[in-house]
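Tertiary structure, described
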Amino acid sequence: MKICVLVKEVPDAAVEKRIDPSTGRMDRSGEKNLNPYDTHAIEAAMQLREGGAVEVDEIVAVTMGPESAARALHKAVSLGADRSLHLSDDALAGSDVAATGYALSKALESEQPDLVLLGQQSDDGECYTIGAVVADHLKMPSLTQVIKLDVEDGALRCERQAEYGYDTVSVELPAVISVGDAINEPRYPSLKAIMGAKKKPLSNLTAGDVGIDASLVGTDGSRVQCGEFKDPPAKAAGQIIEDEDTAETVEKIIAWLDERKLI
Amino acid sequence: MTDILTYVLHYEGALNKNSLGAVSEAATRAAEIGGESHAVVVGGDDLTDELLQTLGSYGATKVFRARGPEGLAQPVIDVMAKLIEEHGHGYALFGGGLLGFEIGAGLAARRNAGVTMEVTAVRAEGDELVAERPILGDSKISVSRYRGGLGIIIGRINAFEIRSDSAHAGAAEVIDVDIEYSPWSTKATMVERGEQRGADVDIEGADVLVAGGRGLGKPEGFQLAEDLAAAFGGNSAVAATRAVVDAGWYPYAAQIGQTGKTVAPKLYLAAGISGAIQHKVGMQSSENIVAINKDANAPIFEFSDLGIVGDLNKILPKLTEAVKAKKGS
């Protein structure tokens, strides 16, 4: 089985995120890191490989993004991927979620994976959606927010929480599965793996290399036009207590509750 | 003429509340842009004419019904793509939730459409719809416009108000749709749907909710939350975040948020909860929100009325004693 894991570089959680007023896009400068949700997808691939229910021949990390996104691939490789693929092209800049999913699906077509794994969301933007876009382009069955993933008789047995409780769904391969963060606890990379990451094969691909129709990507190819932003209605800031003396803190909480007749 | 097609989720013969909100919203917006509100359902025998006609009271003029598997997104994408192809709907609307995200995103791929998710407001500008979506932890609102063709709008849960007008009850026309599903749409099959994990508890009617998250540290940490809820007495209960429910620390029936319950108690006391959007959407209408978290930067402090930065293991036991003492006085 060949598994492709979609990964993304996102601003580090400690960096304050903002919109660049000159472009109307997310300001993606500053410290960056591998999207933390993606580490669960890599770990899920590693556990399938180590689980023994299926022979995993190769785990390939795939990303789309500017030159700097190679760092997310290095991280992915240090966590267990065998090699990586970097789709990068100026023509892709400004792609919305549908255009991004289309471009990624073209890159994946060149790999012919049996399973595509991704994290349930990115830390910096779109929620829950890329997996479903990619699956429709690849004509593969798909499920998102999976929190338990097993291989049984050549098919995937997936569990997830949906609107009415927990669902168990059987999915035939090849398939696109996005995993929730409850699926596993990602391992930490060893020092050796970190040092060796840059030596693992990394292929750089352009939009043309994988047959992307340029009219369907980038700012102009995107069907949603963003770039206008406004402030939400102002909400009065709540009162904050720093707990130094707990007895005093509790007294303040009780007074606050009492004032509002909540006790 | 621009019609809006809304997906309506159902389970065991009942229509989903967020879907009803979306149908209502579609009716209001369709009237503004000179079109009709249509609904689409996919499922089995529980989708009776009587049930579907009730969508008329939320403003739907037509309800398209296809036979197919329930609880899975891809069959619905096939049905909606066919309807949009044949009828030329200008917008597709979803009330939110997991399936709405999956169907809406897949439909965008299928129809080369624009998609906006987590939408909290839709408005008409001329004969077009504009979607507003909070981003960056709700600190900004991004305005999405669609470049012609199909526009897909996926709401945040509880974003659209249910508006029913009994004068129109029974007015929706139910139309059966013949569909041949795509080969890949039938390769996922439901083995079990809607399994309830853990005890059945009622949190929706509580006046005081003590909610626990990962910050409680371990399953036993919930004892602190239960003790505090018990101290409040009367109509109080304990709730939980998705993370701890998925981890098996607390029953699913007590879960707040995106795929759990929506609550609005008089007092919501969040212990060890960071305040992710998926949680916030299920409790932000609470009358008073108190949060205890050791991380001063936790998003929950941005929408709590009283925030305490500190160690809940120290604060909760003392608070429980103080509430008991106060109640006893």
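Residues numbered from 1 in each chain as written. Chains lettered and ligands numbered in written order. Predicted model: local features only at pLDDT ≥ 70, side-chain atom pairs only at ≥ 80, totals over all residues.

1. Topic: the nonpolar core
Ranked by internal contacts, the top residues of the largest apolar core, which has 188 residues, are V5(A) and M80(B). The residue makeup of this core includes at least three contributed by each of domain 1 (4-186) and domain 2 (208-328) of chain B. Not counting residues up to four positions away in its chain, the partners in contact with M80(B) are L5(B), Y7(B), V40(B), A92(B), I103(B) and L107(B). (Core = buried A, V, L, I, M, F, W, Y, C linked by C-beta atoms within 7 Å. Buried ≥ 20, exposed ≤ 12 C-beta atoms within 10 Å, placed from the backbone. Domains from an automatic or database assignment. Contact = placed C-beta atoms within 7 Å.)

2. Quick word on the interface of chain B and chain A
Between chain B and chain A, the contact holds 73 residues from the first and 64 residues from the second. Secondary-structure elements contributing two or more residues to the side of chain B that touches chain A are α3 (73-87), α4 (98-111), β7 (114-119), β10 (140-146), β13 (188-195), α6 (242-246), β18 (306-309) and α8 (312-328) of chain B. Residue classes in the side of chain B that touches chain A are distributed as 34 nonpolar, 19 polar and 20 charged. As paired elements, strand β11 (residues 165-172) of chain A and β13(B) share five bridges and run antiparallel to each other. Paired with V169(A) across the two strands is M190(B), which belongs to β13(B). (Helix = DSSP H or I, 4+ residues; strand = E, 2+ residues; numbered from the N terminus. Nonpolar A, V, L, I, M, F, W, Y, C, P; charged D, E, K, R; others polar. Pairing = 2+ DSSP bridges.)

3. Quick look at the domain arrangement of chain B
All names here are of chain B. Along its sequence, chain B is carved into domain 1 (4-186) and domain 2 (208-328). Placing the centre of domain 1 and that of domain 2 at their C-alpha centroids yields a distance of 33 Å. Taken residue by residue, the interface counts six residues in domain 1 and six residues in domain 2. Across the side of domain 1 that touches domain 2, the residue classes break down as two nonpolar, two polar and two charged.

4. Some points on unusual backbone geometry
Glycine aside, a negative phi is what most residues show, and trans is what most peptide bonds show. Cis geometry marks the peptide bond from L173(A) to P174(A); its omega dihedral reads -5°. Residue placement: P174(A) occurs in the loop between β11 and β12 (175-179).

5. Considering the sheet that holds strand β15 (residues 239-242) of chain A
Sheet architecture is open: six strands sit in the order β15(A)-β18(B)-β17(B)-β16(B)-β14(B)-β15(B), paired in parallel fashion. The sheet terminates laterally at β15 of chain A together with β15 (236-240) of chain B, the two strands that pair on one side only. Across the sheet, the mean angle from the axis of one strand to that of its neighbour is 15°, orientation sign disregarded. Here four bridges tie strand β17 (residues 288-293) of chain B to β18(B), and the two strands are oriented parallel to one another. Counted as the bridge partner of N293(B) is V309(B) from β18(B). (Axes fitted to C-alpha atoms, helices over the stretch in contact; angles between N-to-C directions.)

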